[in-house]
Structures are given as C-alpha cells and as structure tokens.
Amino acid sequence: MIERHASVVVQTFVRVLTPLAQLFALYVLAFGHYSPGGGFQAGVILGATYILLALAFGRDILDRKVNQPVCVALGAAGVLLYALTGVAGMAGGGTFLDYSRLPLPVTPVRARYFGILFIETGVTLGVAATLIILFCRLGEQESNR
Amino acid sequence: MRAHLPILPVLLPLVGALLQPLVGLASRHAAWPLAVATAAATAAAGIAGLLDVLARGTRRYSVGGWAPPWGIEVVLDPLSAFTVCVIAVVATLTLLAGGPSARATYEGEEPTYYSLTLLLVAGLLGMVVSGDLFNVFVFLEVASISSYALVASGGGPALAAAFRYVVLGTIGASFYLLGVGCLYALTGTLNMADLAARLPAATGSPLFGGGIVFMVVGLAVKMGLFPLHGWLPDAYTRAPAPVAAVMAPVATKAAAYVLARVLLYVIRPEGLPVGTTLAWVGAAAIVAGGALAATQVDARRLLAYSSVSQMGYIALGLGLGVQDALVGAYLHILAHALMKAALFVALAAAVLDGRGPTLRALRLGSRMPITGACAVVAALSMIGVPPAAGFFSKWYLLQGALAAGQPILAGAILGGSLLAVVYMYRFTEAVWFGEPRAAGGPPEAPMPLLVGLVALAVASVAVGLGNAALVSNVLGPAAAGVGR
Amino acid sequence: MNYPYWVAVGLLMLGLYTMIAHRNLLKKAVGMTIFQTAIILFFLLLAVKRDASLPIVSGADVDPARFMNPLPHALMLTAIVVMVATSGVALAILIRLYARYGSLEEDVIAERVASDEADPA
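Keep in mind the model is a prediction, meaning the values are calculated, not measured.

Cut-off values and rules
Residue numbers run consecutively from 1 along every chain, following the written order of its sequence. Throughout, the order in which chains and ligands are written sets their labels, letters from A for the former and numbers from 1 for the latter. The model is predicted, so local features are restricted to residues of pLDDT at least 70 and side-chain atom pairs to those at 80 or more, both for listing and for counting; the totals for chains, interfaces and linings are taken over all residues. Under the DSSP-based scheme used, a helix requires at least four consecutive residues in state H or I and a strand at least two consecutive residues in state E, with every element numbered from the N terminus. We take the radius of gyration over the C-alpha atoms and set the globule estimate at 2.2 Å times the residue count to the 0.38 power. Residue burial is a threshold on neighbouring C-beta atoms within 10 Å of the residue's own C-beta, all placed from the backbone, with 20 or more meaning buried, 12 or fewer meaning exposed, and counts in between meaning partly exposed. Each residue gets a C-beta atom placed from its backbone, and two residues are in contact if those atoms lie within 7 Å. A fitted line through C-alpha atoms represents every axis, and for helices the fit uses only the stretch in contact; the resulting angles, taken between N-to-C directions, go from 0 to 180 degrees. Note on terminology: angles under 35 degrees are roughly parallel, angles over 145 are roughly antiparallel, angles of 65 to 115 are roughly perpendicular, and the others are oblique. By convention, the crossing between two helices is left-handed when the near helix turns anticlockwise from the far helix through less than a right angle, and right-handed when the turn is clockwise. Put simply, Ala, Val, Leu, Ile, Met, Phe, Trp, Tyr, Cys and Pro go in the nonpolar bin, Asp, Glu, Lys and Arg in the charged bin, and everything else, Gly too, in the polar bin. In this usage, the nonpolar core is the set of buried Ala, Val, Leu, Ile, Met, Phe, Trp, Tyr and Cys residues whose C-beta atoms join them within 7 Å. Here the limits of each domain have been adopted from an automatic or database domain assignment. When DSSP finds two or more bridges between two strands, those strands count as paired. A helix is expected to reach a length of 1.5 Å times the quantity of its residues less one. The predictor's confidence in any single residue is recorded as pLDDT, a number from 0 to 100.

Draft legend 1. How the structure looks around the overall build of chain B. Helix and strand counts for chain B come out as 18 helices and 2 strands. Expected size for 484 residues packed as a compact globule is a radius of gyration near 23 Å; at 21 Å, chain B falls within 12% of this value. Its C-alpha atoms give chain B principal-axis dimensions of about 70 × 55 × 45 Å. Evaluated residue by residue, chain B yields a buried proportion of 67% over its 484 residues. Across chain B, the fraction of contacts at a sequence separation of at least 24, relative to all contacts at a separation of at least 6, is 81%.

Spelled out as structure tokens, the structure:
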C-alpha cells in the first residue's frame, strides 16, 4: 500500500506539476501531426500524471479521483471512438478508416486531419486508462484467486 | 454492405469486445448474450463473404482508401473466406456452449472474460483476412495477448503455464516479425501480392533464406508444431474449461493458415527444401504427439497432445504441396476444429458437473447420455471413421502422399490414426466406463452447452457426408494454382 | 561495416540466452524485453540513410531521396506498443505468481505447482 509521501516539497511539486504535465499531454496529442508525438505518447504522459499523484499523495487518492469500473469503460470507450471513426468513414461512402469521407462539412484533406485527431484522442483515452488500471490493480495486495 | 464484407469479420468482434465493458457497467448478465450475438453476426458475415467470393471471385478491400501496395489490404479469396467461416462458426458454437461453464468459473467478471474472448476472435480473423504481412503480425499479437490473459485467468497452476506461454509465444511472434523485416529489407514492400511479384528477383541474397527460416519457425511456434509445441500442453491443460473450449480449436488454425498463405502464395521457394522439411516435421509431429497422448492420465493433457498430433497432419499436407494434400490439409483445419471443440466442450460439461479432469473421474455415460454420445462421435471422427469428417481429410492427405511418391509419409498418416485409436479409446472408455459418480445432481448438461455440443457433433458428421461438395466448390479452387 | 547490425544481433542473442538459461522468471521477462528491443533496433536500422533528414515535410521542396524511410519507424511504434502490452501481461502474471507461490524461481514454482496438483485442496 503506497503511503502519502512524507516530504512537503514532493507534495507541493507534484501539485504544481500535474496540471502542467496534463496540458503538455494535450499538446503532444494535438501536435502529433506536425512533430513527434501522437496518441500513444500523450496517453502515457496522461496516465503517468495520475500515477505521480498516487506516488505523492498515497494510493487512496486514486480511488477518489478515478472510479475503477468507469476507468475500464473509459478505456474501452476510447478504443471504441477509434473504431467508430473508422465506421463513420464507411458510412460516408468509403472503406473502413477512410477519413476523407467523414460526414463533416470540410474538404476531404481537412477531414483526414480531423479523422486522425479523433482516433488519436481515442488512443490517448485508452492508453491512459490502461496505465492507471494497471497501476491500481497490480499494486493491490491480493490473496490467491 | 456487400462491399464491406471483407472487413466485417474483424470489425464485428472488435466492436463487440469494446462494448462489453460498457455493457458490463449496466448489467453483468447481458455479457454472454451480447458475446454470442456478436459471434453469430460474425459467423453470418463470414458465410456471406464465402458465398460472395464463390460467386464473384476474390474480393480486395483497401483499408482507409489508400491503394495497395502502399495501403493495407484485406483480401477474401476462397481459402481465407473458408478459414474465416471455420473460425467464426466454431467460435460461436463454443461461446454458446461455454456460457454456463463461464458463469460458474467467472461469476460476476464475465464482461472481462467475454471482452478478451471476442478480442481473441477478432485477432484470429484479422490474421486470416489480412493481405499485408505486418498487419498479420499486429493481429497475431492481438490474439496472442488476449490468449495469454485468458489462460492466466485460471489462477494457481495456470499462472505458471501462462508465463511459459507468454515467453514462448513472444519468441514465436518476434521471429515472425524478424522474418517480415528480412523480406522487407529485400523488396521494400509488405503487401503480400506485391511481395510475391518481387521476390523471385531477389532469391539470391542470404536474407531470403534467413527470412523464410525466421517466418516459418515463428509460425511453427504459434501453430504448436512439434518440436516447438512446448507451450501447448500446459496452456490447454491448466486453462479454465470455457477458455480451453474456445481457444483450443481455433487459435492454432489461424497460424496454420498464415503459414499456408506465406509459403504457398507469397514465398513459393523453389530449390529450397522447405516443403520437404515441413512434411517430415509434420510426420514426426503426428507420431510424437500421438504417442505422448496415449500415455496421458489427465484428459485435458491427452486432448492437448492430440492437438499437437493433428497439427502435424496439417503441416504434412502443406509441406507436400500437391493438390490432394493441400485439400486434405484445409479440410483437416475444419474437421479438427469441429472435433476438438466438441471434445473440449464435453470436458467442460464434466467439469461443470464436478468431476475431476483425470480420465478415471470422467465418466459421463449413463447419467449424461447425450453429452457422452457427442463425445464419442467426436472421438470417432478423430480416429478417422467414415462418414465423419476426420476420415475424409485423412483420405485426401493419404492420396496426396501417395501421389507425391512418399510412402513413408503415407505410413505416418496411417500410424497417426492407429495412435488416435489408442488414445481415443482410452478417452471413450473413461467417458462410458469410468468410475460412476454419486447419485444426485442435474441429469444432463445445461441446455446451451448441450445445444452447442450437439451442433458440433452433427457438424462433424455433416461435413464428412457433404465433403464432396465442399471440396469441389471451395477447397479445390483454394488449392488450385498453387499445388504442384 | 554494418556494426549496428552486429549490435542488433548481439542483443538478440543476449535476450534469447537470458530467456532460456536463467531460472528466475523476472529475468526471463527482462530477456524477453531485450529480445523484442533488438528486433525493433533491426527494423530501425533498415530506415537509416547517409545525410538523411527527418521525414517531416516543411516548405514546398519535397525530394523523397533526402528523407529517411519513415515506414519502419511507424511499424516499430506498433511493435513498441506490443512490447509494452506483452511486458504488462508478463509482469501481472509474475505478481500473481509471487503472491500465490512466494517465489519467482522456476524450479521452486514447478515443485509447488506439482504438490498443489497432487493434493488439490
């Protein structure tokens, strides 16, 4: 069971760092198009912020901020967003994952940009949820099944 | 909708798997019906795809609208459509039959179990329809990681078996990836059709031989081909009964399909003794697997070694390469999936009833006559008794071995049948003549299990009776043009 | 002189040896990671060109010969994710194994599993 960290410096630093790190995760997600980054990397950073919170403030802060079954569902919803974007392309007349045919009022080139943004958002949600759940579940002291 | 048939077998189970945790938030009991409905829809899409391919020829589908060879392609041709149908239909029946068993094993955690199972099915089907080598690797890993988690869900001894499975399975998949890398370095493309066109010009380089060896070894590990089968007995023995029922019939078949596709359609090595080696390794697998199965005390381990033996038949057929041998190998994919599924479902019925997995405790006979009868039908098909499907697949393999002028391999096929008689007799004897269980308790297996089991057993015989139609319409065209 | 390829092969052999020879399961898991990393390195080496720049288009001048091959990088992103997922599953299994059997040595676990099965509680 991870306890609240003893040092005030650590707690304050984490409290300051976490919103900045989450903002950076959003930046990495949005700019994955133009520079190194993208969905998986942003998801890892986002998940790591929650893990950092747990390391600084004790594991039970995660139980307050993150409800486990909802987190699993959120992860699944993220990947479902990916799949449904692909299906939306099918609905617009193209093949699976054809973003140029998304039913959005923009040019096909812009539509591909939005398509990739949607799927990367889905990936971010999925990866962040997975990391948080992994940390929570693996950290539990569970007796034999 | 008809244009999208190639991608539906992958899309439907994937979406179904992702809906399971969301549905599970609302109601735990809706997980099983949703899973069976998804699998049934996938099976329907698979059959529609097969009929479409038989009517209109090979269907190619470019994912994302990007044309091959730069885009990723999904291809339905007679062989891949046939394998999609096999995997989807058998998965539907085992999911249906495994419902009561899953409820008993997982009480309350069923959404997670069904999510993993549907991901496994999606991964296997993705491996089959994919027209791009790296895409096959991605779906191979999706299926593999789901199956590692499924095997590990048994707790206790299953964990040790699952860890071994993880290590060996990763070696196999990574070797496959290394082989893909070698072929990519040679030709600069990953698309199967494009690679087939460019490879003949590049056969001189040592990367060619290296790439083939890596890919074949990697796929052989995933297929459970002797002597690379080390993960299989423990994984099938210690996995929970519903998991073994879903995983055992189909997981190795997708890897066998990829091996067939890569060797016969993409690489087609002339002058390298790949086919001969594969055929002899297959013969060794038949004999070794059968001999090991005959000495087992635990019924699940017996069935696992039987699977090792039967994968040897498929490898033998693929290695021989002649028309009849290929038809036999493809038919055996179907026949073995049906037979093995029936046997594992019968075992699940026994476990549900509280009997131990050792042979002596297995007696189903007088108290569960229908279950016992279906198990016996599947056992007879495994031995190769006409008119069950198992006889006809071995018949074609035998014809192929004789046509290729390989009497020793033909002898191995017959020897495998004799060994199958030994271990299937022990299994059948236990089912009907083992220790009687104490009186009391429900008289027969639960209805869904019974329906699935009867369907599998009936299908084993029906495929055998109708094998001529199957061969001339589906398997013959699938094997044509590549057989020597 | 293809030295980077020799490094990749060396890592591959190291990972394989660790997976086979060591008895501690955690070391096997680490060996598995090394093995997969070596394959990722091999793929990335296929993408390298002399004096090539990053494959990001900026400005109007796009001569494909000047950029390094981005395809292996994209493939290896997927392979890294696969590596992470496999490591996650392996480590989760190891945690449960340790909680259940109290040891991570292969032979100790095998004998405890055997005694477990011989005498099902």
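Draft legend 2. Region of interest: the overall build of chain C. The helix and strand tally for chain C stands at 4 helices and 0 strands. When its helices and strands are written in sequence order, chain C yields α-α-α-α. Over its C-alpha atoms chain C spans a radius of gyration of 21 Å, topping by over 25% the 14 Å that the globule rule assigns to 121 residues. Projected onto its principal axes, the C-alpha positions of chain C cover 75 × 30 × 15 Å. Per-residue burial over chain C gives 26% buried out of 121 residues. For chain C, the share of sequence-separated contacts (at least 6 apart) that also reach a separation of at least 24 residues comes to 51%.

Draft legend 3. The packing of helix H11 (residues 274-294) of chain B against helix H16 (residues 407-433) of chain B, seen in detail. All names here are of chain B. Between H11 and H16, the shortest axis-to-axis distance is 9 Å and the interhelical angle comes to 15°. For the element pair H11 / H16, the angle class is roughly parallel. Considering only the axes of H11 and H16, their crossing is left-handed. Residues Ala279, Ala283, Ile286, Val287, Gly290, Ala291, Ala293 and Ala294 of H11 form the contact with H16, whose own contacting residues are Leu409, Ala412, Ile413, Gly415, Gly416, Leu419, Ala420, Val422 and Tyr423. Its residues assigned to classes, the contact of H11 with H16 comprises 14 nonpolar, 3 polar and no charged.

Draft legend 4. Inspection of the nonpolar core at higher detail. Residue and element names in this part refer to chain B. One finds Leu338, Ala342 and Val345 to be the most contacted residues of the largest nonpolar core, which totals 272 residues. It is helix H13 (residues 323-352) that contributes the most residues to this core, 24 residues altogether. There are two domains that each give this core at least three residues, and those are domain 1 (1-272) and domain 2 (288-484). For Val345, the contacting residues outside a window of four places in its chain are Thr94, Ala97, Ala245, Leu449, Gly452, Leu453 and Leu456.

Draft legend 5. Just the pairing of strand S2 (residues 73-76) of chain B, in detail. Residues and elements named next belong to chain B. Residue alternation in S2 divides its side chains into two sets, Glu73 and Val75 and Val74 and Leu76, and both sets are buried. Two elements, strand S1 (residues 59-62) and S2, share 4 bridges in a ladder whose sense is antiparallel. If you follow Arg60 over to S2, its bridge partner there is Val75.

Draft legend 6. Structural view of helix H8 (residues 206-223) of chain B. Residues and elements named next belong to chain B. Helix length check: H8, at 18 residues, gives a terminal C-alpha distance of 26 Å against a target of 26 Å (1.5 Å per residue), a fit within 8%. The complete set of buried residues in H8 reads Gly211, Ile212, Phe214, Met215, Val216, Gly218, Leu219, Ala220, Val221, Lys222 and Met223. In this fold, the buried residues of H8 make contact with helix H5 (133-152), helix H6 (157-187), helix H10 (241-267), H11 and helix H12 (299-320). Just beyond H8, the residue with positive phi is Gly224, at close to 80°.

Draft legend 7. Examining the interface of chain B and chain C more closely. Counting from both sides, the interface comprises 23 residues of chain B and, opposite them, 27 residues of chain C. Elements that contribute at least two residues to the side of chain B that touches chain C include exactly H5 and H6 of chain B. Per-element tally for the side of chain B that touches chain C: the top contributor is H6(B), with 15 residues. Here the residues of the side of chain B that touches chain C are counted per class, giving 18 nonpolar, 4 polar and 1 charged.

Draft legend 8. Spatial organisation of the domain arrangement of chain B. Residues and elements named next belong to chain B. Domain annotation for chain B reports domain 1 (1-272) and domain 2 (288-484). One C-alpha centre belongs to domain 1, the other to domain 2; they are set 22 Å apart. Listed as interface residues are 40 residues of domain 1 and, on the opposing side, 42 residues of domain 2. Looking at side-chain class alone, the side of domain 1 that touches domain 2 contains 30 nonpolar, 9 polar and 1 charged residues.

Draft legend 9. Up close: the packing of helix H2 (residues 25-46) of chain C against helix H3 (residues 71-101) of chain C. All names here are of chain C. Relative orientation of the contacting elements H2 and H3 amounts to 180°, with a least axis distance of 10 Å. Comparing their axes, H3 and H2 come out roughly antiparallel. Across from Leu25, Leu26, Ala29, Met32, Thr33, Gln36, Ile40, Phe43, Leu44 and Leu46 in H2, the residues of H3 making contact are Pro72, His73, Leu75, Met76, Ala79, Ile80, Met83, Ser87, Ala90, Leu91, Leu94 and Leu97. Residue composition of the contact of H2 with H3, by class: 18 nonpolar, 4 polar and no charged.

Draft legend 10. Structural detail: the interface of chain B and chain A. Counting residues at the interface gives 16 residues for chain B and 17 residues for chain A. Broken down by secondary-structure element, the contributors of at least two residues to the side of chain B that touches chain A are helix H1 (8-26) and S1 of chain B. Looking at the side of chain B that touches chain A element by element, the count peaks at 7 residues for H1(B). Here the residues of the side of chain B that touches chain A sort into 10 nonpolar, 6 polar and no charged.

Draft legend 11. Looking closely at unusual backbone geometry. The amide bond that connects Pro68(B) to the next residue, Pro69(B), takes the cis arrangement and shows omega of 5°. Looking at the secondary structure, you find Pro69(B) in the loop between S1 and S2. Non-glycine residue Leu97(A) carries a positive phi angle of around 65°. Here Leu97(A) lies in the loop between helix H4 (68-91) and helix H5 (108-139).

Draft legend 12. Geometry of the confidence of the model for chain C. All names here are of chain C. Considering every residue of chain C, the mean pLDDT works out to 88; 97% of them sit at 70 or more. Between the elements of chain C, mean pLDDT differs from a low of 85, seen in helix H4 (residues 106-118), to a high of 95, seen in H2. Reported confidences for the modelled complex are a pTM of 0.93 and an ipTM of 0.94.

Draft legend 13. Quick peek at the environment of Ala79(C). Residue and element names in this part refer to chain C. Mapped onto the fold, Ala79 is located in helix H3. Judged by the 24 C-beta atoms lying within 10 Å of it, Ala79 falls in the buried class. Once the C-alpha coordinates of Ala79 and Ser103 are considered, the two residues, 24 residues apart in sequence, prove to be 31 Å apart.

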